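Analysis of the macromolecular model
Letter by letter, the chains look like this.
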Amino acid sequence: MYKNYFKVALRLLRKKKVYSFINIAGLATGMTCCLLILLWVQDELSYDRFHEKAGEICRLAQIEKRNSGEANYPLVFPVMAPQLRDEYPEVLNFVRFDRSQRVLVSTLEKKFIEERFFHADPSVFEMFNFPLASGDPKRVLQAPYSLVLTEETAEKYFGKENPVGKTLIVDNSKDYMITGVLKNVAHNSHLKFDFLASLSTLEAENPRYGKLWAWSCYTYLLLPKGYQPQELEKKFPDFVLRHRNPEAAKIWRFYLQPLTKIHLHSNLAYEIEPNGDIRYIYIFSAVALFIMLIACINFMNLVTARSANRAKEVGVRKVLGADRFQLAKQFLAESVLLSVIALPISVILVDLLLPAFNALSAKDIGLSYFAQSAVFLGAIGLLVFVGII
């Protein structure tokens, strides 16, 4: 029976070429727009999820009460992380990032002003999945004035040479020894940097760094799997009281941000990179659905316009014993077939349009995203949705 349905549908496509072309082109265009938006949404939702411990990492942030109001930002005092780890067993590990902007980095031949120069604890490679192309992750950031570069930055300063063991001069006064090369940071990371220097450098330059409630840095805590961050947050007021005073407890309120929610749910002052917004996910998802519904409505209008021409066919089928349900299955088979033809065409169009789409959206999305189960199932779901609707 179904074989007959599809045979009749293929015969109709060959017979009514212009009608079939308009229908397939309309569906393919709608699917292309929908798939591009689906890829963008999937990319936004994937931020920071490539880290194996993403579900257990939280960023420490604070709300500071001022005369002019409240200031909300993701910078805290460097001393807090080691104190929290020592006093609360649920804090398994931590890593601090201290950012330096507009840093002059030079070799004997090249000089550049760099914006993404960070100092970090050696534990960065234990908590996060930032793979090294060369160097021992346990040692590269141990000694003061140690430095790790990304592959792109290493090529920028040293070309194709191996930079490990070479020296970079920072601000015309400090010599940093390159101890490792980091693979380029994934585009879907809210933590983006070109240089990672050892945090012990700052401690060597200022022995009070990390011992006083002064200065500021980005701090990430590793919590046990399944542990609720709110449980640790409840202990922060008492923590501030013990280490500072009642007045400080009124000024500062600390809280935790899950790593996987930072990109879409955090728009604080002094963010490392401009973040996205979960509202855009809802808006663009609704736009994709609306575009697809318009394509379906256009398809239905064309089918309705031709319904009189198929009245004889429907009459003959009824005379031969076809019931309403069988006729419905026949027309559904035809529409699903058109969707099956339109989907690969739309995938080809997506491939052709991706460079322009990436330039427009400042993304680095590739067709490899279709290998992800969410995108693949979304495409199949789109096919079934269009065919049935």
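Criteria and cut-off values
- Residues numbered from 1 in each chain as written.
- Predicted model: local features only at pLDDT ≥ 70, side-chain atom pairs only at ≥ 80, totals over all residues.
- Heavy atoms only, no water.
- Helix = DSSP H or I, 4+ residues; strand = E, 2+ residues; numbered from the N terminus.
- Buried < 20%, exposed > 50% of the residue type's maximum accessible area, 1.4 Å probe, protein only.
- Contact = heavy atoms within 4.5 Å.
- Areas by Shrake-Rupley, 256 points an atom, 1.4 Å probe, with all protein chains shown as cover.
- pLDDT = per-residue confidence, 0-100.
- Pairing = 2+ DSSP bridges.
- Patch = residues over 30% accessible without salt bridge, like charges linked within 9 Å, V, L, I, M, F, W, Y side chains within 5 Å.
- Salt bridge = Lys/Arg side-chain N within 4 Å of Asp/Glu carboxyl O.
- Axes fitted to C-alpha atoms, helices over the stretch in contact; angles between N-to-C directions.
- Parallel < 35°, antiparallel > 145°, perpendicular 65-115°, else oblique.
- Left-handed = near helix turned anticlockwise from the far one by under 90°.
- Nonpolar A, V, L, I, M, F, W, Y, C, P; charged D, E, K, R; others polar.

Looking now at the overall build of the chain. Regarding its fold elements, the chain presents 14 helices and 14 strands. Among the 389 residues that make up the chain, the fraction classed as buried is 47%. Pairs at least 24 apart in sequence give 75% of the contacts found in the chain among residues at least 6 apart. For the chain, the accessible surface area stands at approximately 20300 Å², while carbon and sulfur atoms represent 59% of it.

What follows is about unusual backbone geometry. Excluding glycine, a negative phi dihedral is what most residues carry, and trans is how most peptide bonds are arranged. Residue Arg-102 is not a glycine yet carries a positive backbone phi of 55°. With respect to the helices and strands, Arg-102 occurs in the loop between strand S4 (93-100) and strand S5 (103-106). The class for Arg-102 is exposed, based on a relative accessible area of 58%. The backbone of Asp-171 shows a phi angle near 55°, a positive value even though the residue is not glycine.

Across the chain, the average pLDDT comes to 87, with 88% of residues at 70 or higher. Ranking the elements of the chain by mean pLDDT puts helix H12 (residues 311-319) last with 65 and strand S13 (residues 217-222) first with 98.

Looking only at helix H3 (residues 80-87), the buried set comprises Met-80, Ala-81, Pro-82, Gln-83 and Leu-84. In this structure, the buried residues of H3 make contact with strand S1 (57-66), strand S3 (75-76), S4, S13, helix H8 (236-243) and strand S14 (252-258).

Mapped onto the elements of the fold, Pro-274 is located in the loop between helix H10 (262-265) and helix H11 (278-305). Separated by 84 residues in sequence, Pro-274 and His-190 place their C-alpha atoms 8.2 Å apart.

Two strands pair when backbone bridges link them, and S5 and strand S6 (residues 111-114) are joined in this way by four bridges, in the antiparallel orientation. The residue of S6 that forms the bridge with Leu-104 is Ile-113. The antiparallel pairing of S5 with S6 creates a hairpin that spans four residues between the two strands.

A word on a nonpolar patch on the surface. Nonpolar side chains collect at one region of the surface, where Leu-332, Phe-376, Leu-377, Ile-380, Val-384 and Ile-388 lie side by side and expose about 550 Å² of accessible area between them. With five residues, the single largest contributor to the nonpolar patch is helix H14 (residues 373-388).

Across the interface, H3 lies against H8 with an axial gap of 12 Å and an inter-helix angle of 110°. As judged from the angle between their axes, H3 and H8 are roughly perpendicular. As H3 packs across H8, the resulting crossing turns out to be right-handed. Along its contact with H3, which presents Met-80, Gln-83, Leu-84 and Glu-87, the element H8 presents Phe-236, Phe-239, Arg-242 and His-243. Grouping the constituent residues of the contact of H3 with H8 by class yields four nonpolar, two polar and two charged.

Before going further, it helps to examine the side chain of Asn-93. Locating Asn-93 in the fold gives a position in strand S4. Residue classification places Asn-93 among the buried residues on the basis of a relative accessible area of 14%. Setting aside residues no more than four positions away along its own chain, Asn-93 makes contact with Ser-123, Glu-126, Met-127, Tyr-220, Leu-221 and Leu-222.

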